Structures are given as C-alpha cells and as structure tokens.
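Secondary and tertiary structure notes
These are the residues of each chain, in order.
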Amino acid sequence: MPTHSISKNINTCTLCAQQFAETATQHRPRPVTWFQPSASILIAGQAPGQRVHDSGKPFTDPSGDRLRDWLGLTDAEFYNKDRIAIVPMAFCFPGYDAKGSDLPPPKICAQTWHPRVLTELTNIKLTILVGAYAQKYHLGLGHRKSVTDTVADWKSYAPGCFPLPHPSWRNTGWIRKNPWFETELIPVLRRTVRSLIDDTT
C-alpha cells in the first residue's frame, strides 16, 4: 500500500472514538501523521498531547522545543518529512484521566498501523526512541528495563538507535540527576543526526 494511502487511512481512523469519548476530555480522534518513505531518521514517541491535537502537527509544544534542542535541529530541519519520520505509539491524543494526567497510548493503534507504516520506511538509518512505550515496543517484548537503565545503556544501541527520556518538563529533575545524559549522550546524538541531515546522497 503506498504511503499516501496509509496516511489517509490513519487520518480517517476512528477505532478509539468510543474510548476517547469516555475520557475527561471527551474528544474525537484526530490522528497526526508525519512520515515519508525517503526519511532516514525515525522518531518514535508516545502520543500527541493536547496542543498537538489542536495544531495537527507533531511536537508543537515545549516537549518538542526540548527534543529539537537535544537533536540540534531547527524547526525547518525537524519538520522536513523527506528526512524525518515521526511515528508515535498512538497517532491520536489519548486524553486525560479524571486527575488531569495523560492516559497511555491505546495499544490497538500500534497493533493496527505500525507494521504497515514501518514497512514503508525502508530508508531509516537512525531510530530515536522517546520514552518507555516506544522503547518497549521497538526493543522487543522481552525488554523490561526502566527508562533510566535503557538510556544509561545507550552505547549498546548507538549509532543506529538512541533511547531518550521523554522531553517533558516533568523530566527536568531526571536530567539534573543524570548529568551524563547531556554531557555524554547528547553530543553523540547531535553528531549522528547532523551527519544524516547533511547527507545529500
């Protein structure tokens, strides 16, 4: 199935309509897709937040600002579909629970769409796994390590894959407690990303 057909099918998906209607936000599905077969970098995240649900564009929030800083990319570079594919574990905003916390990405989304999308992305040279859900999915069912342990073990996955914590402001304390993340991992990540972004072949 051509990539444009997959995107169209995802964009009209309503599998989780009833589930979303029962959340505190009572919202409708609004899948956010961002990928082309030419992309060489895959960013696998968690799920869109409320701001991304409203904008229809991935990472248009403070988490996106921090992620772009980690990657060393401008907005224009980050949103270049020819270079970067953004495929979260759920394409829709899952909503909030009664306490205002993010609900987890519905498993049915990845189960339904990811095999089809990833089959189309044949040029991926670098996979960036943002957060626990993406890491468990892409690193295999047997992956039971915490995010901290997985990210600390980043050299075992590099240079083809980099596990990252979620760039949410909630993880600012984690970053401070783990200074090696910014002094050791981030410079290598930026060089790897830059080499692919600047590659014109």
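So, here is what we can say about the structure in this document. Values in this document were obtained by computation on a predicted structure and should not be read as measured data.

With respect to the packing of aromatic side chains
Throughout the structure, instances matching the rule amount to nine aromatic pairs. With centroids separated by 5.0 Å and ring planes inclined at 90 degrees, the aromatic side chains of F78 and Y79 adopt a geometry described as edge-to-face. Both rings, one in W154 and one in F162, keep their centres 5.9 Å apart while their planes meet at 20 degrees; by these two values the pair is stacked. Comparing W154 with F162, the two get one shared label, buried. Ring-pair connections join several aromatic residues into one group, and the members of that group are W34, F59, F78 and Y79.

Let's talk about the pairing of strand β1 (residues 41-44)
When a strand is regular, its side chains alternate between the sheet's two faces. The two faces of β1 match: I41 and I43 on one face and L42 and A44 on the other face are all buried. Pairing geometry for β1 and strand β2 (residues 84-86), over three bridges, is parallel. If you follow L42 over to β2, its bridge partner there is A85. Looking at chain direction, β1 and strand β3 (residues 126-130) are connected through four bridges and run parallel. Following the sheet pairing, L42 is matched in β3 by T127.

The rules we used
- Residues numbered from 1 in each chain as written.
- Predicted model: local features only at pLDDT ≥ 70, side-chain atom pairs only at ≥ 80, totals over all residues.
- Heavy atoms only, no water.
- Phe/Tyr/Trp six-rings, centres within 6.5 Å; stacked < 30°, edge-to-face > 60°.
- Buried < 20%, exposed > 50% of the residue type's maximum accessible area, 1.4 Å probe, protein only.
- Helix = DSSP H or I, 4+ residues; strand = E, 2+ residues; numbered from the N terminus.
- Pairing = 2+ DSSP bridges.

That's the geometry; what it means functionally is another story.
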